[in-house]
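This is what each chain is made of:
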Amino acid sequence: MQGYIVRRLLLMVPTLLGVTLFVFLLTRFTPADVVDRLTGEVGYQDEALKAQIREELGLNQGVLTQYFKWLGGVLHLDLGESFISGRDIWDELKNRVPVSVELGALAMLFSILFGIPIGVISAIRQDTWLDYLLRGGSILLLAVPVFFLAISVLAVGAWWFDWAPPSRYTAPWEDLQNNLAIMATPAIILGLALSGAKIRLTRTQMLEVLRQDYIRTAWAKGLSERVVILRHALRNALIPVVTVIGLQIPVLVAGAVILENIFLLPGVGRYLVQSAASFDYPVVQGITLLIATVVVLSNLVVDLSYAALDPRVRY
Amino acid sequence: MATHVLEEALPAGALPFETRPWPVRAARGLLWFARRKPLGFLGLLIILTMLLFAAAAALDVPARYSQVRGGNIGFLYPYDHQVLRDRQQGVSLKHLMGTDNLGRDTFSRIVYGAKVSVFIGFSAVAISQALAAIVGTISGYYGGRFDVLFQRVVDIWQALPGLVALIFIVSVLGNNLVVITVAIGALGAAGASRIIRGAVISIKQNAYVEAARVVGATDLRILLFHILPNVFHLVIIGASIGIGGAILAESALAFLGFGLPPPYPSWGRMLNVAREFLTSNPMMAIWPGLALTVTVFAFNVFGDALRDVLDPRLRGSR
Amino acid sequence: MLQEQSYWQRALRRRLSRRQALRLAAAGGITAVAAGSALACREEQAVEEAPPLVGPGPQDTTFEARPGGTYRAITTQDPPNLDPYLNTSFVSQTFIGGTVYSRLAKWATGPGIEPLSQAVGDAAEAWETPDGQVWTFKLRPNMKFHNKPPLNGRTLDAEDVKTSMERFMARSPNRGIFQTLVDRVEAIDPLTVRFTLKIPYVPFIDLMASPQLLWIFSKEANAGQIDTQKPEGVIGTGPWVLDKAQPSVSWEFTKNPEWYEVVQTRRGPQRLPFMDRLEFLVIGEYAQIMAQFLARNIHVFAPRNEDLAQIAQQVPDAQRLPGNPAWLLSFYYFGDTQDPNNLFRDVRMRRALSMALDRDGLIEAFGQVSRLKQQGFEINTGWNNTPIPWGDGGMFWWLDPKSPDMGPAGQWYRYDPAEARRLLQAAGYNNQEITFNFTTVIYGTTFDQFTEAQIPMLRNAGFNIRPNPQDYASQYITGTFAGRFSGLAYGYQTPFTSVDEYLFNMLHPQGTRYAQSRPNDPETVRLVEAQRVERDVNRRRELIREIQRRVSDQMWYVPSVMGRWGGMTFWHNFVRNWGSFITAGYGVYTETVTRYWLDLPETAAR
């Protein structure tokens, strides 16, 4: 087991290196030049200034030199400075990561608390109208674009219920009530989007498990429905659901990118969108590396939790 | 093989199909599909409607019609047909979904927008499934060092977080149709290639593959005639589910401002514009939002049904 | 002082009543003069009798002002950079430059003063120029930097100004105008700075008052000892002190207790700003901004015109003020019109393009003008002339294309697609495909929509155009905007701050935007050179009007009307003084918000 973990962790290194190299090369061989963007309509003809800015940003060096310099910094947890704001990227991310993590965690929590029970109900009441309704609903949840849901909630809230989400984000340790109030709406929307897949998977897995012999035995022993479903069936049905939780991390990230923009959360996703739009390469590089690390780690955690949950799996 | 799988799944009374003319066969097959998978059939109908929209847009039917007849069809207009006076109108016979802030017919723009969604959806998925099939079969079939190398590349590929990578690629390489389509397609290939690789590895163990090799078939021949046909259903299933995802990805890009530039309408951009009119005319957002939802819904349920029918392991389950 | 106060109030009342009278006259058909005088008399009486004015409305209530409170507004995005020299974005200029830093001069505001028409002292107390070439500025004594380390409230001196100018010239993308004009800067003594120009340039003071150019930093900052890009390094002499920087959440300022401006109030002399704090919430989503105004989390809101009636209905006690758009030119340009292969070398092609544009239709569709009129909202609109746009900051120089003053050139502004087709035919145009270059995203969705809306108009007038949306950085700004393209291009001109920049840059062969169309007319060039040295403002204006007539006749640049509709700004009912101190552009937080005060219980308690 330990050997396995070490091997997997070592494998992360080339993967992440590959990601950073890909992103880096893309930024350096793009037709669009961040310097043209910085000088804009006013200074587009000022070649001297452009050369000077290029030098300040280190863009006049060779691409590989730039890459290794950046990589060297990353090893010391130094992601460099933003091209646009000139501020330290790591400092900025330090404030933003907790926001996105909180949003992601709340959304995931909601989707688990919402999706799994519905999946179970749908399985127990297989082929009733309730089952059809819940299944149709879950496919719909997969189909509704998160941003459409979000702006609809805003519009409906503002016009018919005189409701607006809080205007200013505060960290949970500053003002928990306000924090939860501003987090609630995006977390629920994102949670809904995530629960579609969970409902469906829980349902199929439950159906599968309910047909197994040991469940029949449990019924035969005269155990109550509650005990059979919760203690015997659900535990085993949930193993693949855990995988889905891990595989949904990229969905979570994408949703956060959109929802942070709409619901005024100062998270990583909002930083990414504004940086990508202004060609702030070091920031985009840093964020991509960060998210790629999270994705890779979550895959590892999924595999490990598989082993923990299913006695048949051993590494 | 794919065809066998399909036949085996059919009820015994429906056979033999081959003796009847093909339109009858097709109609019967559809009828069977409709009875067996009503939701999937609904999805199919929606998809066909959408293809019809896209075709109408591709042929620019409204504009041609008005050139031939010297007038408009009545409810379908060229996408840039704007009457500034008639802006923000409600639903009417003349404007099935009302008009937008420039007095353009929303229904017509949805029809034209279907072309973008269909194009991006189908071509992105074609790219991703083709890539996935190539990478998956080669990696699974040859194994060894090849496989290790390919899998490390796929690792990298999968670690690139979807929308984030997409935003980045498009902002760097430009927001044109080719970049957006290829980027969505390429990013979707990694996951699919893993599934195909797994299938190839298990097929490789089969006796007939071994037999073919003994007879002296080349690798290429084995790949093309024995392996590929057997993973083809996976490609089809992956594609039918992937199209919805690709359409969503394009619209999310457009919504964030990284989508296709005007003047050609796309649903995502219509939604993005409608954001500023949410308070004065929410219908501007509702229609493209609904179009997106319904279309993605259709591809999802159709894909589900197709998987149930095509995937031997799932046969009999619902 | 009391008397002076009521004089201002009366003057303002008169101004208002004139506006009301015009409205009445329009409605009832009576002559404006008669109604105006009658109304003015009645109102003057009211002012004499009534107790001092405090209450909702646009009045100057400085005398009643109470200090304290927090003013909340929004910014749609974070300042890209905290050093306004390093980024040309209006967000950096407005929310950091215009709050924290001073200029040598600023725009005067007050009852009866046209926005951006009079430069008054900011860091400089006075200035003089014998010939328009040598400019001597006397700095305000005892002007102090914010009390933050390492400056700790030290006094501003001439060396700060000189080094600021030097750093600006070395590093700001905005430096072009100074590079062509300024020869050298000297610190004569601690309170005297002298600028020597390369040529006599009468409007130089306008450049010093421009809130996009010479913000004054400390010499320590200019020497790189202070990191001006970090929140703790944002130290200036302006009215607001950066207190809390929370990217994507809020940017918060406290008032500078040492700022120089002092006004008389009922409680005696009072230093500006009145309000203790200024907070900007970062909200990009329009529906959110609106929701936050309705929930009273922000105090000021400029809605889209589509929503005006709704807002007025939902917040009936909100105060509102019509405002004009900023001075900005959206225009068509043609590349090298001296190239024989350029279709637009023929003046008839360019005139046809101008006549293809339904300017009023566009303004109506985007500005909702007539619908708003029915709902009781007066919205100002105007057509851009070429190359002088309509908008706050340029009203004095702008010649109305609809006015009889335009002479025969005015006819080319008429919307007449049939005539445009005839002109195209006469020019020998036989439906060749014309590439229509523009850029998207960067200027916002309204701009993109506006571009989109013009395409059918061009087609309708017979132009066979192929829309070619370009990437901003790699294609548009480096290629098209620099004049390297074929076909037709549309976009915004650089937001110049002075009329001369429009004229010289676009029309003079040495101008930096000349390549956009390469107009070929020696007489225009002569007029452009003449207005640069004309010291009499009215004669200069006449020269500039003549240029507009000439260029309009030739349509080297065809002006469009993007954004040329006014809007309405709403304040919640406890904000005071917003109506009589009007400015436009990036200097608003120095020039007017310093005079706002809040009529709230929390300020009354003090």
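Residues numbered from 1 in each chain as written. Chains lettered and ligands numbered in written order. Predicted model: local features only at pLDDT ≥ 70, side-chain atom pairs only at ≥ 80, totals over all residues.

Caption draft 1: Up close: the overall build of chain C. Counting its secondary structure elements, chain C contains 20 helices and 22 strands. Expected size for 606 residues packed as a compact globule is a radius of gyration near 25 Å; at 25 Å, chain C falls within 12% of this value. Principal axes of the C-alpha set define a box for chain C whose edges measure 75 × 60 × 45 Å. Taking the contacts inside chain C whose residues are at least 6 apart along the sequence as the reference set, 71% of them involve residues at least 24 apart. (Helix = DSSP H or I, 4+ residues; strand = E, 2+ residues; numbered from the N terminus. Rg over C-alpha atoms; globule rule 2.2 N^0.38 Å. Contact = placed C-beta atoms within 7 Å.)

Caption draft 2: Layout of the confidence of the model for chain A. In the predicted model, chain A carries a mean pLDDT of 86, and 98% of its residues have values of at least 70. Ranking the elements of chain A by mean pLDDT puts helix α10 (residues 225-247) of chain A last with 79 and helix α5 (residues 89-124) of chain A first with 92. (pLDDT = per-residue confidence, 0-100.)

Caption draft 3: Structural detail: the interface of chain A and chain B. Facing 40 residues of chain A, the contacting portion of chain B comprises 37 residues. Of all the elements, helix α1 (residues 2-28) of chain A adds the most residues to the side of chain A that touches chain B, at nine residues. Looking at the side of chain A that touches chain B, its residues break down into 35 nonpolar, five polar and no charged. (Nonpolar A, V, L, I, M, F, W, Y, C, P; charged D, E, K, R; others polar.)

Caption draft 4: Representation of the pairing of strand β9 (residues 250-255) of chain C. Residue and element names in this part refer to chain C. Of the pairings in the sheet, the one linking strand β8 (residues 240-246) to β9 comprises six bridges and is antiparallel in character. Bridging from a neighbouring strand, V241 pairs with T254 of β9. Taking the residues that link successive antiparallel strands as the turn, the β8-β9 hairpin has three residues, and the phi of S248 there is positive, at about 70°. With five bridges joining them, β9 and strand β12 (residues 277-282) adopt antiparallel strand pairing. Across the sheet, W251 pairs through a bridge with F280, a residue of β12. (Pairing = 2+ DSSP bridges.)

Caption draft 5: Here's a closer look at the sheet that holds β8(C). Residue and element names in this part refer to chain C. If you trace the four strands from one edge of the open sheet to the other, you get β1-β12-β9-β8, paired in mixed fashion. The open sheet has two edge strands with one neighbour each: β1 (70-75) and β8. Going across the sheet, the axis of each strand differs from the next one's by a mean of 20°, ignoring polarity. Contacting β1, β8, β9 and β12, helix α3 (residues 90-100) crosses the sheet at an angle of about 135° to β8. (Axes fitted to C-alpha atoms, helices over the stretch in contact; angles between N-to-C directions.)

Caption draft 6: The sheet that holds strand β4 (residues 124-128) of chain C, seen in detail. Residue and element names in this part refer to chain C. Pairing in this open sheet of four strands is antiparallel, and the strands run β4-β5-β7-β6 from one edge to the other. Each end of this open sheet is capped by a strand with a single partner; those strands are β4 and β6 (182-189). Taken pair by pair, the neighbouring strands of this sheet meet at an average axis angle of 20°, ignoring direction. Bridging between β6 and strand β7 (residues 192-197) involves six bridges; their strand directions are antiparallel. Residue A187 lies in a different strand from β7, and its bridge partner there is V193.

Caption draft 7: Region of the structure containing the environment of T181(B). Residue and element names in this part refer to chain B. By the secondary structure assignment, T181 is in helix α8 (residues 177-204). Judged by local crowding, T181 falls into the buried class, with 22 C-beta atoms found within 10 Å. A sequence separation of 66 residues divides T181 from I247, and the C-alpha atoms of the two residues are 9.9 Å apart. Leave out the neighbours within four places in its chain, and T181 touches I120, S123 and A124. (Buried ≥ 20, exposed ≤ 12 C-beta atoms within 10 Å, placed from the backbone.)

Caption draft 8: Spatial organisation of the interface of chain C and chain B. In this complex, chain C contributes 23 residues to the contact, which on the side of chain B involves 18 residues. Counting only elements with at least two residues in the side of chain C that touches chain B, the list comes to α8 (286-294), α11 (359-367), α14 (445-460) and β17 (465-470) of chain C.

Caption draft 9: Inspection of unusual backbone geometry at higher detail. For the peptide bond that leads from P262(B) to P263(B), omega is 10°, which places it in the cis range. Here P263(B) shows up in the loop between α10 (219-255) and α11 (267-274). For the bond from L272(C) to P273(C), the omega torsion is -10°, close enough to zero to count as cis. When you line up the elements, P273(C) lands in the loop between β11 (268-271) and β12. Even without a glycine there, the phi angle at N152(C) is positive, about 50°. One can find N152(C) in the loop between β5 (134-139) and α4 (158-171). Judged by the 11 C-beta atoms lying within 10 Å of it, N152(C) falls in the exposed class.

Caption draft 10: View of the pairing of strand β15 (residues 330-333) of chain C. Residues and elements named next belong to chain C. On β15, burial covers both faces: S330 and Y332 on one face and F331 and Y333 on the other are all buried. Across four bridges, the pairing between β15 and strand β18 (residues 488-492) is antiparallel. The partner of Y333 across the bridge, within β18, is A489. Sheet topology note: the β15/strand β19 (residues 558-559) ladder contains two bridges and is antiparallel. Its bridge partner lying in β19, F331 is registered against P559.

Caption draft 11: Local environment of the packing of helix α11 (residues 249-262) of chain A against helix α13 (residues 281-309) of chain A. Residue and element names in this part refer to chain A. Where α11 meets α13, the axes come as close as 10 Å, and the angle between the chain directions of the two elements is 150°. When the interaxial angle is binned, α11 and α13 end up roughly antiparallel. Only I291, V294, V295 and S298 of α13 make contact with α11, whose side of the interface consists of I249, P250 and V253. Tallied by class, the residues present in the contact of α11 with α13 amount to six nonpolar, one polar and no charged. (Parallel < 35°, antiparallel > 145°, perpendicular 65-115°, else oblique.)

Caption draft 12: Region of the structure containing helix α17 (residues 522-533) of chain C. Residues and elements named next belong to chain C. With twelve residues, α17 should reach 16 Å at 1.5 Å per residue; the first-to-last C-alpha distance of 18 Å fits that figure. Three or more residues of α17 are buried, namely L527, V528 and Q531. The buried residues of α17 all sit within an arc of 100° when viewed along its axis, so they share a single face. In α17, the exposed positions angled more than 90 degrees off the buried face are occupied by P522 and R526. Those residues of α17 hidden inside the fold are in contact with α16 (499-507) and α18 (537-554). (Expected span 1.5 Å × (residues − 1). Arc of directions from axis to C-beta.)

Caption draft 13: Molecular detail of the nonpolar core. Counting 280 residues, the largest nonpolar core has I151(A), L190(A), L272(A), L166(B), I167(B) and L253(B) as its most contacted members. Among the elements that take part in this core, α10(B) stands out by supplying 15 residues, more than any other. If we skip the residues at most four places from it in the chain, I151(A) touches I262(A), R275(B), L278(B), A285(B) and A287(C). W412(C), Y413(C), F436(C) and F438(C) belong to the second largest nonpolar core, which has 54 residues in total. (Core = buried A, V, L, I, M, F, W, Y, C linked by C-beta atoms within 7 Å.)

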